[in-house]
Amino acid sequence: MSIDSILRVRYTEAEIKRRIDACPKLASLKSINRTLKDLVRSDTSLNSQIAAVIRRDPSLAARILRLVNSVYFGLSTKINNIEEAVFFLGLRQIRELSIATPVLEELEHLESKTSNLPWRALWSHSIATAILTREILGSTSFNVDDDTDYLIGLLHNIGKIVMAYSFPEELQMVMAMSASSPEHVCVFERAVIGWDHAQIGAHFLARHQLAEEITFATRYHNEPGRAPRHQSLAAAVQVADYLARHSKIEGGFETVAPITDDAWLQLEGWKILYGREGQETSLARASLANLLHRLPLTMNGLV
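Definitions and cut-offs
Residues numbered from 1 in each chain as written. Predicted model: local features only at pLDDT ≥ 70, side-chain atom pairs only at ≥ 80, totals over all residues. Heavy atoms only, no water. Buried < 20%, exposed > 50% of the residue type's maximum accessible area, 1.4 Å probe, protein only. Helix = DSSP H or I, 4+ residues; strand = E, 2+ residues; numbered from the N terminus. Salt bridge = Lys/Arg side-chain N within 4 Å of Asp/Glu carboxyl O. 1 Å grid on protein atoms, 1.4 Å probe; cavity = no way out; pocket = protein on both sides within 12 Å on 5 of 7 lines; lining within 4 Å. Points joined across faces, edges and corners; volume = space filled by probe spheres on them. Nonpolar A, V, L, I, M, F, W, Y, C, P; charged D, E, K, R; others polar. Contact = heavy atoms within 4.5 Å. Phe/Tyr/Trp six-rings, centres within 6.5 Å; stacked < 30°, edge-to-face > 60°.

> Any chance you could break down helix H4 (residues 58-68) for me, citing the residues and the numbers?
In terms of residue burial, H4 counts as a mostly covered element, since nine of its 11 residues are buried. Among the residues of H4, those classed as buried are Pro58, Ser59, Leu60, Ala61, Ala62, Arg63, Ile64, Leu65 and Val68.

Structure representation (structure tokens):
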């Protein structure tokens, strides 16, 4: 199916927002919830151990941050650090979140509506992108002292999860197409919905009170040069997404042509982070080559 045959904007902006706002809480992987449940029941668990489990799940991380940044807690500044969120919430609250969120019920609801979707592939790509984003920003002069660098990679494709709930037919249409690049996928999405997954995800996260830098990185991760602020964060996610796909850890929800060696050097995000040429670019290339070599071992057993 060609894009010309479906080129239309099916929904008004008001309808798109209405559907996104009606999206229920998102399901977490059952294996992650089992691990978390064991930890929060133990008197010897450390906040760092609990935070490490939460970081492996995009939807759970979003829920934890939404709660700790809610009006209920009344904090004067946004919390972007998972371990800090665990500290503020306390084990009882974390336990209630992990138990009160009926994981099995959520998964059954999701699978009954979208049974043919490759959820595990999406989780794998999200985690790999989070790992890579943190490493990429660590190789620059950009300083992050909380979990923002990990979270922006973990949550960058959350709009696809929302699409599965709010625009299931359109998501199937996008999945049936072949794209030349991740950016090309967004063109398809805008053609059949009006918004792409980046804009959908950013709206969802903003509605749930996540910090601006996270929502901006999500919104502009395919076009970081357009970000009015936090360009470096969006740029790092774009490069990380390409590197993950090059490592055969693909997004799962779409068919994208293979990412060739060094294709990321031509990205807008790469130029924002490292410039065009010079010693910093050479050092970054060497660092990323080593990271790509280690990535499969890092990912082994995470999902």
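Additional details are given in the paragraphs that follow.
> Before we move on, can you summarise the pattern of salt bridges with the specific residues and values?
Overall, the coordinates contain 12 salt bridges when judged by the stated rule. For Glu223, the salt bridge is made with Arg226, and the minimal N-O distance between the two is 3.0 Å. Judged by its relative accessible area of 52%, Arg226 is exposed. Ionic contacts of the salt-bridge type, sharing partners, join the residues Lys160, Asp241, Arg245 and Glu254 into one network.

> I'd like a description of empty space enclosed by the protein, backed by residues and values.
Per the stated rule, a full pass over the model turns up two cavities of 30 Å³ or more. The wall of the second largest cavity is formed by Asn157, Lys160, Pro182, Val185, His197, His221, Asn222, Asp241, Arg245 and Glu254. Elements supplying a minimum of two residues to the lining of the second largest cavity: helix H11 (182-192) and helix H14 (231-246). Partitioned by chemical class, the residues of the lining of the second largest cavity number two nonpolar, four polar and four charged.

> So, the side chain of Asp149: which residues are in play, and what are the values?
Positionally, Asp149 belongs in helix H8 (residues 148-154). The class for Asp149 is buried, based on a relative accessible area of 8%. With sequence-adjacent residues up to four places away left out, Asp149 is seen in contact with Ala130, Thr133, Arg134, Leu137 and Val144.

> For the environment of Thr298, give the residues involved together with the corresponding values.
Take Thr298: it is sitting in helix H16 (residues 279-299). Relative accessible area serves as the criterion here: at 35%, Thr298 is assigned to the partly exposed category. As a C-alpha pair, Thr298 and Ala128 span 170 residues in sequence and 8.7 Å in three-dimensional space.

> Explain the packing of aromatic side chains to me, using residue names and the numbers behind them.
Two aromatic rings are characterised by how far apart their centres lie and by the angle between their planes. For the structure shown, the criterion picks out four aromatic pairs. With centroids separated by 5.7 Å and ring planes inclined at 80 degrees, the aromatic side chains of Phe87 and Phe88 adopt a geometry described as edge-to-face. Classification of Phe87 by relative accessible area gives exposed; the value is 58%. Measuring from centroid to centroid gives 4.4 Å for Trp270 and Tyr274, while their planes differ by 50 degrees, and the two rings are tilted. Placement of the pair is Trp270 and Tyr274 together in helix H15 (residues 268-274), with a separation of four residues, close to one helical turn.

That is the geometry; function is a separate question.
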